[in-house]
Amino acid sequence: MADLRIDIISDVVCPWCYLGYSRLKQAIEQLGDDYRIDIRWQPFELHPDMPLTGADREIYLGERFGSPEKLNEATHAIQQVGIEAGIQFNFSEKDRIPNTKLAHQFVLSATKSGLATPFVIALFHAYFTDGKDIDSQSVLEELSLSIGLKPTDIEYALSSTAQQLTEKKLQHLRDLDIQSVPTYVINDKYMIQGAHDPESFLKVLNDIAEKEH
């Protein structure tokens, strides 16, 4: 029996983080029953300068990519890769990029209740497929209840304690100089970056399990 703790450092507005988890999950499913996997979600802000009210996706990312054409190319590419992974990325001209701090506070609360992974998946789906505003408190509350969180969990997510702890985690990861996501840290020792294919993940997990045995 091998125990693997996987810290997934990600942001819920990062399409590669959604893809990366989907591929990692496929790899984990191939590992079999000899492994105990403990997944922990850690917060990262892909756009730390994002205003609390969010920003227009086409304008904001168009500037980041250098031109609307380059953004369109990247968007089509991610949609294509998404289809292969069974993920539907829907983008429209009305899309906004939200500030994700509050969403990370809700993930923290879901972690306390052992429901972080279903909550993060619900967030990814709500944002990328359904086009919901995941910086909206009411949307976050609705998603929380849909995956089994209780009103007390929502209360904690909105508390100053959750806010301070989330900020502390974000700062800690900035101090570690992690600048891109998804980043995976396994057993606090091994770091993998990027949304690798399931076969690559599987090889890495097997190699680490052998070393840790």
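Placed above this text is the structure.
Residues numbered from 1 in each chain as written. Predicted model: local features only at pLDDT ≥ 70, side-chain atom pairs only at ≥ 80, totals over all residues. Heavy atoms only, no water.

**Focus: the sheet that holds strand 1 (residues 2-10)**
Defined as follows: Here, strands pair whenever DSSP counts at least two bridges between them. Numbered from the N terminus, helices here are DSSP runs of H or I no shorter than four residues, and strands are runs of E no shorter than two. Note on geometry: axes are C-alpha line fits, over the in-contact stretch for helices, and angles between N-to-C directions span 0 to 180 degrees.
Overall, mixed pairing links the 4 strands, which are arranged 2-1-5-6 in an open sheet. A single partner strand is all that each edge strand has here, and the edge strands are strand 2 (35-43) and strand 6 (190-193). Adjacent strand axes in the sheet meet at a mean angle of 20° when their direction is disregarded. Both strand 1 and strand 5 (residues 183-186) contribute to a ladder of 4 bridges, which runs antiparallel.

**Brief notes about the pattern of salt bridges**
Inclusion rule: Salt-bridge detection follows one rule: a side-chain nitrogen of Lys or Arg within 4 Å of a carboxyl oxygen of Asp or Glu. Each residue is placed in one exposure class: buried if its accessible area under a 1.4 Å probe, protein chains only, is under 20% of its type's maximum, exposed if it is over 50%, and partly exposed if it falls in between.
Summed over the entire model, instances satisfying the criterion amount to 14 salt bridges. In this structure, E167 engages K101 in a salt bridge whose closest nitrogen and oxygen atoms are separated by 3.7 Å. You can see E167 sitting in helix 8 (residues 160-175) and its partner K101 sitting in helix 4 (residues 101-112), a full 66 residues away along the chain. Here K101 falls in the partly exposed class, since its relative accessible area comes to 26%. Each of the salt bridges in this network shares a partner with another, and the network as a whole consists of E45, K101, E167 and R174.

**Some points on helix 3 (residues 68-85)**
This is how the line gets drawn: A helix is expected to reach a length of 1.5 Å times the quantity of its residues less one. Directions from the helix axis toward the C-beta atoms define the arc.
Here helix 3 spans 26 Å end to end across 18 residues, near enough to the 26 Å set by a 1.5 Å rise per residue. Buried within helix 3 are the following residues: L71, T75, I78, V81 and G82. Along the long axis of helix 3, the arc covered by the buried residues comes to 130°, so they all point the same way. Exposed residues pointing more than 90 degrees away from the buried face of helix 3 are listed as E69, E73, H76, I83 and E84.

**Quick look at the side chain of D135**
Basically, it comes down to this: N or O atoms closer than or at 3.5 Å make up a polar contact, with two conditions inside protein: a donor-capable atom paired with an acceptor-capable one, and, for residues adjacent in sequence, both atoms drawn from side chains. Residue contacts are defined here by distance: any two heavy atoms, one from each residue, within 4.5 Å place the two residues in contact.
Within the fold, D135 resides in the loop between helix 5 (116-129) and helix 6 (137-146). Judged by its relative accessible area of 18%, D135 falls in the buried class. Separated by 3.0 Å, the side chains of D135 and R96 make a polar contact. Apart from residues no more than four positions distant in its own chain, D135 is found in contact with L52, T53, G54, R96, P98, N99 and L102.

**Brief notes about the packing of helix 1 (residues 15-31) against helix 3**
Worth spelling out the cut-off: Roughly parallel covers angles under 35 degrees, roughly antiparallel covers those over 145, roughly perpendicular covers 65 to 115, and oblique covers all other angles. By definition, any crossing whose near helix is turned counterclockwise from its far helix by less than a right angle is left-handed, and any crossing with a clockwise turn is right-handed.
Contact geometry of helix 1 with helix 3 gives a least axis separation of 11 Å together with a crossing angle of 20°. Of the possible angle classes, the one that applies to helix 1 and helix 3 is roughly parallel. Of the two possible hands of crossing, helix 1 and helix 3 adopt the one that is left-handed. Packed against helix 1, whose contacting residues are P15, W16, L19, S22 and R23, the element helix 3 presents I78, V81, G82 and A85 at the interface.

**Side note on the pairing of strand 2**
Sheet topology note: the strand 1/strand 2 ladder contains 9 bridges and is parallel. Looking at the pairing, S10 lines up with P43 of strand 2.

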